[in-house]
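# Secondary and tertiary structure notes
Below are the chains, spelled out letter by letter.
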Amino acid sequence: MSECVALLRGINVGRAKRVAMADLRKLLESLDCTQVRTLLNSGNAIFQAPGGSTRRLATVIEEAIQQRFGFPVPVLIHTARELGEIIAENSQTQAEQDPSKFLVAFVASRSALGKAKPLLAGSWGSERLAIGSRAAYLWCATGILQSRLLPVFSRAMGTSITTRNWATVLKLQAVISTSR
């Protein structure tokens, strides 16, 4: 068994794609995941998963969500170790200034990060983009809604990403740490 974090993309935003966290926990438990916990109402789950490929598990969860709730939801899964590496790799000190303006873009595969590399040459004013080996890091200095960088980044990356603000990422790590 390995500790995993599942990040569901685009649920519980507005009125579309509503998934109650209690229902998500039940669904994961029905897939042989144990010690399932959810964080916030935005599709974050921490659990113990049977050994095997996290990519395969993500596909199984996506199929179960489609069957149970009737709509597609991309799912990204990282192990606890991978989440720790993503956090440690962040070199942008702005994350601590205002965690709500700092986003971590999680990717389904490392190769997807190549789509964002051309954006590194762009002039984004006080906004910053960094690309790590498993995630991209965006500092949206004037806020996420006013960001010039975020919509361009999102278009370049398409549905291969899901973002979480720095505070949420650290909360996920804290949940993992308390369960050990």
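What counts as what
Residues numbered from 1 in each chain as written. Predicted model: local features only at pLDDT ≥ 70, side-chain atom pairs only at ≥ 80, totals over all residues. Heavy atoms only, no water. Helix = DSSP H or I, 4+ residues; strand = E, 2+ residues; numbered from the N terminus. Buried < 20%, exposed > 50% of the residue type's maximum accessible area, 1.4 Å probe, protein only. Contact = heavy atoms within 4.5 Å. Areas by Shrake-Rupley, 256 points an atom, 1.4 Å probe, with all protein chains shown as cover. Salt bridge = Lys/Arg side-chain N within 4 Å of Asp/Glu carboxyl O. Pairing = 2+ DSSP bridges. Axes fitted to C-alpha atoms, helices over the stretch in contact; angles between N-to-C directions. pLDDT = per-residue confidence, 0-100. Parallel < 35°, antiparallel > 145°, perpendicular 65-115°, else oblique. Left-handed = near helix turned anticlockwise from the far one by under 90°.

### Some points on the overall build of the chain
Broken down by element type, the chain carries six helices and eight strands. Counting helices and strands in the order they occur from the N terminus, the chain gives β-α-β-β-α-β-α-α-β-β-β-α-β-α. With the C-alpha coordinates aligned to their principal axes, the bounding extent of the chain is approximately 45 × 35 × 30 Å. For the chain, the proportion of its 180 residues judged to be buried stands at 46%. When contacts within the chain are restricted to residue pairs at least 6 apart in sequence, those whose partners lie at least 24 apart make up 67%. Only carbon and sulfur atoms are counted for the fraction: they give 52% of the accessible area of the chain, which is about 8700 Å².

### Examining the pattern of salt bridges
In the structure shown here, the tally under the stated rule is six salt bridges. Between arginine 68 and aspartate 23 there is a salt bridge; the shortest N-O distance is 3.9 Å. Of the two residues, arginine 68 sits in helix α2 (residues 54–69) while aspartate 23 sits in helix α1 (residues 21–30), which places them 45 residues apart along the sequence. Residue aspartate 23 is classed as partly exposed on the basis of its relative accessible area of 24%. In this structure, the salt-bridge partner of arginine 134 is glutamate 82, at a minimum N-O distance of 3.3 Å. On the criterion of sequence distance, the pair formed by arginine 134 in the loop between β6 (128–131) and β7 (135–139) and glutamate 82 in helix α3 (residues 80–89) is long-range, its members being 52 residues apart. Glutamate 82 carries the same exposure label as arginine 134, and that label is buried.

### Focus: the sheet that holds strand β8 (residues 161–165)
Reading across the sheet, the four strands line up as β6-β7-β5-β8 and stay open at both edges, with antiparallel pairing between neighbours. One side of each edge strand has no neighbouring strand; the edge strands of this open sheet are β6 and β8. Here the strands of the sheet are splayed against their neighbours by 20 degrees on average, with no regard to which way each runs. As paired strands, β6 and β7 are joined by four bridges and run antiparallel to one another. Counted as the bridge partner of arginine 128 is tryptophan 139 from β7. Contacts from helix α5 (residues 149–157) reach β5 (102–107), β6, β7 and β8, with the element oriented near 160 degrees to β7. Here helix α6 (residues 166–178) sits on the sheet and contacts β5 and β8; the angle it forms with β8, its principal contact strand, is near 90 degrees.

### A closer look at the confidence of the model for the chain
Residues at a pLDDT of 70 or more form 99% of the chain, whose mean pLDDT is 92. For the chain, helix α4 (residues 94–97) is the element with the lowest average pLDDT, namely 83, and β7 is the one with the highest, namely 97.

### Focus: the packing of α1 against α2
The geometry of α1 relative to α2 is characterised by a closest axis approach of 11 Å and an angle of 125 degrees between their N-to-C directions. The angle between α1 and α2 falls in the class oblique. Of the two elements, α1 crosses α2, and the hand of that crossing is right-handed. Here Asp23, Leu27 and Leu28 of α1 lie close against α2, whose contacting residues are Ile61, Ala64, Ile65, Arg68 and Phe69.

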